[in-house]
Amino acid sequence: MNGGAIVADAMARRGVGALFTLCGGHISPILVEAKRRGIRVIDVRDEASAVFAADAYARLTGVPGVAAVTAGPGVTNTLTAVTNARLAQVPVVVLGGAAATILKGRGALQDIDQSAVVRPHVKWFGTVQRLGALAEALERAFVSAAEGVPGPVFLECPVDVLYDEATVREWYAEGLGRPGRSLASRARGWYVDWHLRRLFAGGQEPSMDFSHVPAPSPEAPTVDEAARALARAERPVVVVGSQAMARVEAVSALRDALERLGAPVYCSGMARGLLPREHELLRRHGRGAAIREADLVLLAGVPLDFRMGYGAGIGRRTTLISANRDPQDLVRNRRPTVAAVADPSLFLERLSDRADALPRWVEWGSTLADRDRARDDEITAMARASTEFVNPLAVCAGVDRALDDDSILVLDGGDFVASASYVVAPRRPLSFLDPGVFGTLGVGGGFALGAAAARPDAQVWILYGDGSAAFSLAEFDTMVRHKIPAIAVIGNDGGWTQIARGQRKLLNDPVGTELRRSEYERVAEGYGAVGLRIEHPDEIDEVLAAAKSEAAAGKPVVVNALIGATTFRDGSMSM
């Protein structure tokens, strides 16, 4: 039994079906033993993509995603993706290689103080000094990732903990020198032998049962208070965020709860697709105006950060009910009238149990529905306008027409992708992946790999801006090798347009925001994928149909859509 086998067994016990990695000698036993146990090993081209993939896998399955990366630069390359998972509150376990325990601080290959680098960005940081402690450390890692506010954890696995004892003993003898006759040499040999016996001694089973990780449950008096406030409301609004989707197994119960409550619902982040587009309660546009007019706002896993205008739009006389696993997010920028430190989906379920006595807000809901229809009509008209090359809204509308019911949408970009969020709608729950509050570019390739591993039968679509595409286009090599037929649509306007909009207006200079309209479809072909191109509006449906056909044949596809400029998002700037 080597350390790699212990890691693989822990993953199998937890129901982890895929391991995302970039190979390195420090971690090779983990990859080999995972494969032996039927765990799919997907090796990527950038360590950040491995963590992004683990992130997406966790979001769609409810099981912590696992990434294994080699020591030193392999670890430091993950920091953006790790921080993205922390801010998005996603349970990810990162297994990091490390120098041999006896060589720490002695100038070994890729040896740095990984604790100092990583610890500030994770929920829990662990390191293993003995093989016998590895199993329990792994259990603690999985539980820490999932309990309370989910997030990433890091477990440092030194190379001599992962390989078998005979191999490690031979390495020590070759690297440190075999004992000689001198007193110093014999003392060194004694110390090395003592260190090795300690390294491989001890039990290999966790001393505690860490199997159950309950979701934080709301207190009954808090739910009762919220029910009374909701019963008095005349213009309530419910906003459901990504955190409400953490209990993947309870998504149907969450949807049922919203239907029993009967208030208008806005879904954000991972919650998009929770209610079908035509659902009578779902509202998609004008959320800010609805919140300003509401007399009650219920936030389910939604912090009052920049995405919610820091709560400034909620009137001081408006009743604010908030349920959040994170007590800090619960009171950030505004103290709620009713505050529940609890899983938001559980809170909504409990609240809906009191729904029999609640009124139905038909007139208020109709007012918001009329606004939605007017906005949809406005966007449809704007999509018909002529632009240089192709109107980006027309491309987005084409993607929306092309989506199958089992499609998963991955969004990675700025202006083009933000426009798509108004037009392209996920068809079902757990089918929408965006980076979250960190606004990270580069998630696309990794998210697509993780989504495909979580739901192999789903069609995965990536919507890229041409700026963001370059961060992870190399993962189409990974998709070709692992037979993952994702479809990427790149909105190519030759620039970092989301930044350029404000920069030109405020500073009268586009410096640093201009790109070439590069032939990304040819890059894809170089990696072995299929490359297609859209240059005219009448090509949209035909090219996207061809992309779906190639994907159905098992080939990943990149569609390079040359788009023009519109005024659709003028004035949009977040900070």
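A short tour of the structure in this document, coming up. (Residues numbered from 1 in each chain as written. Predicted model: local features only at pLDDT ≥ 70, side-chain atom pairs only at ≥ 80, totals over all residues. Heavy atoms only, no water.)

What about helix H19 (residues 444–454)?
By the criterion of burial, H19 is predominantly enclosed, with 11 of the 11 residues buried. Those residues of H19 not exposed but buried are Gly444, Gly445, Gly446, Phe447, Ala448, Leu449, Gly450, Ala451, Ala452, Ala453 and Ala454. (Buried < 20%, exposed > 50% of the residue type's maximum accessible area, 1.4 Å probe, protein only. Helix = DSSP H or I, 4+ residues; strand = E, 2+ residues; numbered from the N terminus.)

Notes on the sheet that holds strand S13 (residues 432–433)
Read across the open sheet, the six strands follow the order S13-S12-S14-S15-S17-S16; overall the sheet is parallel. Across the chains shown, the open sheet's two edge strands, defined by having one partner strand only, are S13 and strand S16 (530–534). Looking at chain direction, strand S12 (residues 408–412) and strand S14 (residues 460–465) are connected through five bridges and run parallel. Bridging across to S14, Val410 finds its partner in Ile462. Its contacts with the sheet put helix H24 (residues 540–552) on S14, strand S15 (487–492), S16 and strand S17 (557–562), and the angle it makes with S16 is roughly 170°. (Pairing = 2+ DSSP bridges. Contact = heavy atoms within 4.5 Å. Axes fitted to C-alpha atoms, helices over the stretch in contact; angles between N-to-C directions.)

Notes on the state of the cysteines
By the definition in use, this model includes zero disulfides. Cysteine Cys23 is unpaired, with the sulfur of Cys157 as its nearest cysteine sulfur at 17 Å. There is no disulfide at Cys396, and the cysteine sulfur nearest it, in Cys267, is 20 Å away. Note on Cys396: relative accessible area 1%, which makes it buried. (Disulfide = S-S within 2.5 Å.)

So, the pattern of salt bridges
This structure, assessed with the given rule, holds 37 salt bridges. Where Arg284 meets Asp376, a salt bridge forms, and the shortest distance between an N and an O atom there is 3.4 Å. Linking Arg284 in the loop between strand S8 (265–267) and helix H13 (287–293) with Asp376 in helix H16 (residues 362–383), this pair joins segments that are 92 residues apart in sequence. Given a relative accessible area of 28%, Asp376 falls into the partly exposed group. For Lys555, the salt bridge identified is with Glu550, shortest N-O distance 3.7 Å. The exposure class assigned to Glu550 is partly exposed, which follows from its relative accessible area of 25%. One network of salt bridges, in which partners are shared, links Asp9, Glu33, Arg36 and Arg37. (Salt bridge = Lys/Arg side-chain N within 4 Å of Asp/Glu carboxyl O.)

Observations concerning unusual backbone geometry
With glycine set apart, most residues show a phi of negative sign, and most peptide bonds adopt trans. Positive phi outside glycine occurs at Gln89, with the angle close to 60°. Within the secondary structure layout, Gln89 lies in the loop between helix H5 (79–88) and strand S4 (92–98). Positioned with a positive phi, Leu430 is a non-glycine residue whose angle comes to about 55°. With respect to the element layout, Leu430 can be found in the loop between helix H18 (415–423) and S13.

Points about the environment of Val153
Positionally, Val153 belongs in strand S6 (residues 152–158). Sequence spacing of Val153 and Val92 is 61 residues, and the spatial spacing of their C-alpha atoms is 6.3 Å. In this structure, Val153 is in contact with Val92, Val93, Val94, Val122, Lys123, Trp124, Ala141, Ser144 and Ala145, ignoring residues within four places of it in sequence.

Quick notes on helix H2 (residues 28–36)
Taken as a whole, H2 has its buried residues at Pro29, Ile30, Leu31, Glu33 and Ala34. Elements that come into contact with the buried residues of H2 comprise helix H1 (3–13), strand S1 (18–21), strand S2 (40–43), strand S3 (65–69), S4 and helix H8 (159–162). Taken from the residues just after H2, Gly38 is the one with a positive phi, measuring 80°.

A short note on the packing of aromatic side chains
For the structure on display, the rule yields six aromatic pairs. Centre to centre, the rings of Phe20 and Tyr57 are 6.1 Å apart; their planes meet at 65°, and the pair counts as edge-to-face. With Phe20 in strand S1 and Tyr57 in helix H3 (residues 47–61), the pair connects residues that are 37 residues apart, well separated along the chain. Given the relative accessible area of 6%, Tyr57 is considered buried. A ring pair is formed by Tyr191 and Trp194, whose centres lie 5.8 Å apart and whose planes are at 35°; its orientation type is tilted. With Tyr191 and Trp194 both in helix H10 (residues 183–199) and three residues apart, this pair spans about one turn of that helix. By relative accessible area, which is 39% here, Tyr191 ends up partly exposed. Residue classification places Trp194 among the partly exposed positions, given a relative accessible area of 35%. (Phe/Tyr/Trp six-rings, centres within 6.5 Å; stacked < 30°, edge-to-face > 60°.)

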